[in-house]
Amino acid sequence: MASLEASPRERPLEWDTPLFLMARAQFEQAVPHADVPALVVERLSFPERAVMVSVPLRRDDGSVEIYAGYRVQHSTVLGPTKGGIRYDPEVSLGECAALATWMTWKCALLRLPYGGAKGGIRCDVGALSRREVERLTRRFTSELVREIGPQTDIAAPDMATNEQTMAWMMDTYSVQKGHAVPEIVTGKPISIGGSVFRREATGAGVVIVAERACLRLGRELSGQRCVVQGFGNVGGVAASELDGKGAVVVGVSDVSGGLHDEAGLDVSELHVHAAAHGSLEGYDRCERVTNEELLELPCDLLVLAAREDQVTAANAGRLRTSLVVEGANGPTTIEADAILADRGIPVVPDILANAGGVTVSYFEWVQDLGRLFWDRDEIRRKLSEQLCDAFDRVYSVADRKEITLRQAAMVSAIREVAGALEARGIYP
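Description of the structure in this document. Everything numeric in this text was worked out from a predicted model, so none of it was measured.

**What about the overall build of the protein?**
At step 1: On a plain count of helices and strands, the protein comes out with 15 helices and 12 strands.
At step 2: At 21 Å, the protein has a C-alpha radius of gyration in line with the 22 Å of a compact globule built from 428 residues.
At step 3: Taken across its 428 residues, the protein has 56% of its residues classed as buried.
At step 4: For the protein, the share of sequence-separated contacts (at least 6 apart) that also reach a separation of at least 24 residues comes to 69%.
At step 5: For the protein, the exposed surface amounts to about 17800 Å²; the carbon and sulfur share of it is 51%.

Here it is as structure tokens:
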């Protein structure tokens, strides 16, 4: 009865899940160092818009099932929102709200004219045929047609979605508008307006930032002993980039578990095996370890490129690394952050370390709008310039204010959004 009498602000909101509350906690930890008005803090504490849709799917056997679909838009202060679409059984409003919030900070930190968004469908794509996934995608796009647009909200691939998913979304939206609109999504095939280097951008960006961090710490990336959790689009590319720069990759993992070799793994061979078998399962030319054991292997650099909540209060004290770089979103909990800070282990946060993907997505959007495309070398150079500039600004704030890199990244991002919000004001 007491909960019924509580004020609306005292009742939990629909997106108040542990992951969203973690994103909020990171924001609240940084606010005292950001020197922004209370009005700005209050406005940025909540997503601007959250949509839940029912997505009917006619299965191949003729039956119809209804799936829950979501799209959350956190902030439109800097421009249209931008964010991925994921297909996963764990997709929820709270997860999308958290990821949309982080995307706002990521875009602001890289000084991209976007706010953050995230969406997806709660489903298991492994249980669906390709035709069913296509029908689900096209209907989901139709349900969101009033919420998305090249000047309002631009989608991108995320967990269990890819170039083909984006192609279906782009085609469905274009058919409804009566003309081709390639700029409605990014991460699509090059044949319909996609950008070169988009697929590799997040993983390559992780290594660009890691190399910059090593430089600031007074060491060379070459020769560093590295563990990469995750061997998908981000971790797999990051492992290859590290290997190509002379680092020694001593451990990797994917859904099948982890691999460890003190002498260094043959990353190229691992890619060949994963392509042939769908995962690293069955690879037997090194020691097999669990994902939990992999995180605790001794190394100089630990790249977290799997999922959220991987380093927690339970294992943060056992990590044996001198640098953590977050390729995934939210892999380190608030409690683990505090433990790692006490141990003197710097963490390069997700909103900086994995921002390569959204940066090249921005490049793709700009190229689509102008119908003028850049080559691979130009895109990689522009990406490196933006990431290194962002890292240097974050490092400077952390050094000046004596705060963690995560807090410094948040402070820098909050100030970018706050400046625009103060200039625009609150309507009416």
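Alright, that's what it looks like, and here's the rest.
**A short note on the packing of aromatic side chains**
At step 1: Taken as a whole and assessed by the stated rule, the structure comprises eight aromatic pairs.
At step 2: With a centroid separation of 5.3 Å and an interplanar angle of 10°, the aromatic rings of Phe-27 and Trp-105 are classed as stacked. You can see Phe-27 sitting in helix α2 (residues 18-34) and its partner Trp-105 sitting in helix α4 (residues 93-109), a full 78 residues away along the chain.
At step 3: Residue Phe-27 is classed as buried on the basis of its relative accessible area, which comes to 2%.
At step 4: Owing to a relative accessible area of 0%, Trp-105 belongs among the buried residues under this scheme.

**Re the sheet that holds strand β4 (residues 115-121)**
At step 1: Across the sheet, which stays open at both edges, the five strands sit in the order β1-β2-β4-β3-β5 with mixed pairing between neighbours. Strands with a single pairing partner mark the edges of an open sheet, and in this sheet they are β1 (49-58) and β5 (153-157). Neighbouring strand axes in the sheet, compared pairwise and without regard to direction, differ in orientation by 20° on average.
At step 2: As paired strands, strand β3 (residues 81-87) and β4 are joined by five bridges and run parallel to one another. Bridge pairing in β4 links Ile-85 to Gly-119.
At step 3: Docked against the sheet, helix α5 (residues 130-143) engages β1, β2 (64-73), β3 and β4, running at close to 140° with respect to β1.

**Some remarks on α4**
At step 1: In a regular helix each residue adds 1.5 Å, so 17 residues correspond to 24 Å; α4 covers 24 Å between its end C-alpha atoms and thus fits that length.
At step 2: Within α4, 17 of the 17 residues are buried, which leaves the element mostly enclosed by the surrounding structure.
At step 3: Phi turns positive, to about 60°, at Arg-111, one or two residues after α4.

**Concerning the pattern of salt bridges**
At step 1: Applying the stated rule across the entire model yields 34 salt bridges.
At step 2: Among the salt bridges present, the one from Arg-371 reaches Glu-183, with a minimum N-O distance of 3.3 Å. With Arg-371 in the loop between α13 (356-370) and α14 (376-401) and Glu-183 in the loop between α6 (163-177) and α7 (198-216), this pair connects stretches of sequence that are 188 residues apart.
At step 3: According to the relative accessible area criterion, Glu-183 is buried, its value standing at 11%.

**Comments concerning the sheet that holds strand β11 (residues 324-326)**
Sheet strands line up and pair through hydrogen bonds in the backbone, either parallel or antiparallel.
At step 1: Here seven strands make up an open sheet; going across it, the order is β9-β8-β7-β6-β10-β11-β12 and the pairing mixed. Each edge of the open sheet carries a strand with a single partner, namely β9 (287-289) and β12 (347-348).
At step 2: Sheet analysis places strand β10 (residues 301-304) next to β11, joined by three bridges and oriented parallel. If you follow Leu-304 over to β11, its bridge partner there is Glu-326.

**Describing unusual backbone geometry**
At step 1: Here the residue pair Tyr-427 and Pro-428 is connected by a cis peptide bond, since its omega of 0° sits within 30 degrees of zero.
At step 2: Relative to the elements of secondary structure, Pro-428 occurs in the segment after α15 (405-424).
At step 3: With a phi close to 60°, Arg-111 is a non-glycine residue in the positive phi region.

**What to know about the environment of Arg-288**
At step 1: Inspection of the secondary structure assignment puts Arg-288 in strand β9.
At step 2: Look at Arg-288 and you get partly exposed, because its relative accessible area is 35%.
At step 3: For the pair Arg-288 and Arg-131, spaced 157 residues apart in sequence, the C-alpha separation works out to 36 Å.
At step 4: Apart from residues lying up to four places away in sequence, Arg-288 is in contact with Ser-256, Gly-257, Gly-258, Leu-259, Leu-280, Glu-281, Gly-282 and Tyr-283.
At step 5: Side-chain polar atoms of Arg-288 contact the backbone oxygen of Ser-256, separated by 3.3 Å.
At step 6: Reaching out from Arg-288, the side chain makes a polar contact with the backbone oxygen of Tyr-283 at a distance of 3.2 Å.

**Some details on α2**
At step 1: Between the first and last C-alpha of α2 there are 24 Å, a value that for 17 residues agrees with the 24 Å anticipated at 1.5 Å per step.
At step 2: Within α2, burial applies to Leu-19, Phe-20, Met-22, Ala-23, Arg-24, Gln-26, Phe-27, Ala-30, Val-31 and Ala-34.
At step 3: Contacts made by the buried residues of α2 are with α3 (38-44), α4, α11 (334-342) and α15.
At step 4: Downstream of α2 by a residue or two, Asp-35 has a phi angle that is positive, lying close to 55°.

**With respect to the pairing of strand β7 (residues 248-254)**
A regular strand carries its side chains on alternate faces of the sheet.
At step 1: In terms of residue burial, β7 counts as a mostly covered element, since six of its seven residues are buried.
At step 2: Relative to β7, strand β6 (residues 225-229) is paired through five bridges, and the arrangement is parallel. From the neighbouring strand, Val-228 faces β7, where its bridge partner is Val-252.
At step 3: A crossover connection joins β6 to the parallel β7 through helix α8 (residues 235-244); in handedness this β-α-β unit is right-handed.

**Some remarks on the side chain of Thr-165**
At step 1: Along the chain, Thr-165 falls in helix α6.
At step 2: Separated by 3.1 Å, the side chains of Thr-165 and Asn-162 make a polar contact.
At step 3: Those residues in contact with Thr-165 that lie beyond four places of it in its chain are Tyr-87 and Thr-137.

**Side note on the pairing of β2**
At step 1: For β2, a buried count of seven out of 10 residues is recorded, marking the element as mostly surrounded by other parts of the structure.
At step 2: Pairing geometry for β1 and β2, over 10 bridges, is antiparallel. From the neighbouring strand, Pro-56 faces β2, where its bridge partner is Ile-66.
At step 3: From the end of β1 to the start of β2, which pair antiparallel, there are five residues, and Gly-62 there has a positive phi angle of about 95°.
At step 4: Across five bridges, β2 lies against β4 in antiparallel orientation. Across the sheet, residue Gly-69 finds its bridge partner in β4, namely Ile-121.

About the cut-offs
Residues numbered from 1 in each chain as written. Predicted model: local features only at pLDDT ≥ 70, side-chain atom pairs only at ≥ 80, totals over all residues. Heavy atoms only, no water. Helix = DSSP H or I, 4+ residues; strand = E, 2+ residues; numbered from the N terminus. Rg over C-alpha atoms; globule rule 2.2 N^0.38 Å. Buried < 20%, exposed > 50% of the residue type's maximum accessible area, 1.4 Å probe, protein only. Contact = heavy atoms within 4.5 Å. Areas by Shrake-Rupley, 256 points an atom, 1.4 Å probe, with all protein chains shown as cover. Phe/Tyr/Trp six-rings, centres within 6.5 Å; stacked < 30°, edge-to-face > 60°. Pairing = 2+ DSSP bridges. Axes fitted to C-alpha atoms, helices over the stretch in contact; angles between N-to-C directions. Expected span 1.5 Å × (residues − 1). Salt bridge = Lys/Arg side-chain N within 4 Å of Asp/Glu carboxyl O. Polar contact = N/O pair within 3.5 Å; in protein donor to acceptor, adjacent residues only side chain to side chain. Right-handed = clockwise from strand over helix to strand, strands pointing away.

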